Amino acid sequence: MSDLKPADLAKDAAARAAVALVEPGMKLGLGTGSTASVFVRRLAERVAAEGLELRCAATSKATADLATSLGLKIETLDELGWLDLTIDGADEVDPDLNLIKGGGGAHLREKIVATASDRMVVIADKMKVVEHLGEFHLPVEVVPFGKEATKKLIERVLDGHGLAGRPVKWRNGPEGGPFLTDEGNVILDLYLGRIADPEKLGRDLSSIAGVVEHGLFLNICQLAIIGGEDGSVVELEREDIG
Ligand SMILES: O=C(CO)[C@H](O)[C@H](O)COP(=O)(O)O
């Protein structure tokens, strides 16, 4: 990986540091996205080099396919029951280690896996660290049935948060049709700018029947490993907060 671009070097630095957290016999959750993919590659290298015994669950079909192609055995979350550690990427990380996730459309499974783990660790490059969540669009997974009515209800919630008129867009897939999640749902991306009250916004979105899950990960992540383009890493821990 010597010809990596600076952003990839940062992801690789964070991924290597996360691989060092893995202990023999662990049950691991594997995230989704480009940073999580670097982690999966580095993990597979360590497993091959050390003959490490691990049990892994993936947060998406894409990650399961990648891990399997690298020789890692993937089991379902139900087979594993509960996980010791989940390593995943993020679209934004705030100073309280609250996150926006779902840029890859996998935030539903990612949240299920992260909250079924003793510990969630996020790996990211420095560009993902923000003062306030919301510059990155907030993905909301929506059931296709009645999706336009659900969109109206989401817009009503945004009105109540002083976010009236902010663009909300159905996500398209690579072929131009609607993006479909691994669960067969669609995604509405909310372009909000600064989210003043993520807790309340999350609660209000979750109260809508057609909303399956939003991409706000609040009080879930315990450690963020932030990689720099020079290969350095900074660790932000939840205990450091406050
Ligand atoms: O939440 C995610 C996928 O649903 C990803 O972790 C997030 O989008 C970050 O991806 P990348 O590492 O490619 O920037």
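Please read these numbers as outputs of a predicted model, since none were measured by experiment. (Residues numbered from 1 in each chain as written. Predicted model: local features only at pLDDT ≥ 70, side-chain atom pairs only at ≥ 80, totals over all residues. Heavy atoms only, no water.)

Asker: Would you mind going over the UniProt feature "active site" (unreviewed entry) in the chain with me for this structure?
Answerer: Residues given the UniProt feature "active site" (unreviewed entry) here are Glu110. With respect to the element layout, glutamate 110 can be found in helix H5 (residues 107-114). Looking at glutamate 110, the relative accessible area reads 3%, which means it is buried. The residues contacting glutamate 110, other than those within four sequence positions of it, are Thr32, Thr59, Asp88, Lys101, Gly102 and Phe217. (UniProt positions renumbered as here; feature names shortened; annotations may be inferred. Helix = DSSP H or I, 4+ residues; strand = E, 2+ residues; numbered from the N terminus. Buried < 20%, exposed > 50% of the residue type's maximum accessible area, 1.4 Å probe, protein only. Contact = heavy atoms within 4.5 Å.)

Asker: Before we go on, may I ask you to explain the pattern of salt bridges in this structure?
Answerer: Oppositely charged side chains can form a pair if their charged atoms are brought close together. Inspection of the entire model under this criterion finds 15 salt bridges. Notably, a salt bridge pairs aspartate 65 with lysine 61, separated by 3.1 Å at the nearest N-O pair. Of this pair, aspartate 65 and lysine 61 both sit in helix H3 (residues 61-69), 4 residues apart, which is roughly one turn of the helix. On the basis of relative accessible area, lysine 61 is assigned to the exposed category, the value being 52%. (Salt bridge = Lys/Arg side-chain N within 4 Å of Asp/Glu carboxyl O.)

Asker: Just to check I follow, could you spell out the pairing of strand E7 (residues 138-142) for this structure?
Answerer: The two faces of a sheet get side chains in turn, since along a regular strand they alternate between them. Counted residue by residue, E7 has 5 buried out of 5 residues, so it is predominantly covered. Residues of E7 alternate between two faces, with Leu138, Val140 and Val142 on one and Pro139 and Glu141 on the opposite face, all of them buried. In this sheet, strand E9 (residues 186-190) lies alongside E7 in antiparallel orientation, the contact comprising 5 bridges. Considered in E9, the bridge of valine 142 is made with valine 186. Of the strand pairs in this sheet, E7 and strand E10 (residues 211-214) are connected by 3 bridges, and their pairing is antiparallel. From the neighbouring strand, valine 142 faces E10, where its bridge partner is valine 211. (Pairing = 2+ DSSP bridges.)

Asker: How should the site of the ligand be read in this particular structure?
Answerer: Every one of the 17 residues lining the ligand counts as a neighbour, but Ser34, Thr35, Asp91, Gly102 and Lys128 are closest to it. Contact between the ligand and alanine 106: an oxygen atom at 3.0 Å from a main-chain N or O atom of the residue. Protein contact buries 90% of the 380 Å² of open area that the ligand shows by itself. Of all the secondary-structure elements, those providing two or more residues to the shell around the ligand are helix H2 (34-50) and H5. (Near = heavy atom within 4 Å. Polar contact = N/O pair within 3.5 Å; in protein donor to acceptor, adjacent residues only side chain to side chain. Areas by Shrake-Rupley, 256 points an atom, 1.4 Å probe, with all protein chains shown as cover.)

Asker: Please clarify how the sheet that holds E10 should be interpreted in this entry.
Answerer: Strand order in the open sheet formed by 4 strands is E8-E9-E7-E10, and the pairing between neighbours is antiparallel. The open sheet terminates on both sides in strands that have one partner only, identified here as strand E8 (168-170) and E10. Across the sheet, the mean angle separating the axes of adjacent strands is 25 degrees when strand polarity is ignored. One ladder, built from 3 bridges, connects E8 with E9; its direction is antiparallel. Looking at E9, one finds that tryptophan 170 is bridged to leucine 188. Against the sheet, helix H6 (residues 147-160) engages E7, E8, E9 and E10, with an angle of about 160 degrees to E8. (Axes fitted to C-alpha atoms, helices over the stretch in contact; angles between N-to-C directions.)

Asker: I would appreciate a short explanation of the domain arrangement of the chain in the present structure.
Answerer: Annotation of the chain at the domain level lists domain 1 (6-130 + 219-231) and domain 2 (138-212). Of the residues lining the interface, 12 residues belong to domain 1; the matching set on domain 2 comes to 13 residues. Taken together, both faces of the contact between domain 1 and domain 2 bury some 900 Å²; the carbon and sulfur share is 52%. Three residues stand out in domain 1 for area buried against domain 2, namely His107, Leu108 and Arg109, and they jointly supply 46% of the buried area on that side. Scanning the region where domain 1 abuts domain 2 turns up 2 salt bridges. (Domains from an automatic or database assignment. Buried area = accessible area lost by both parts, 1.4 Å probe.)

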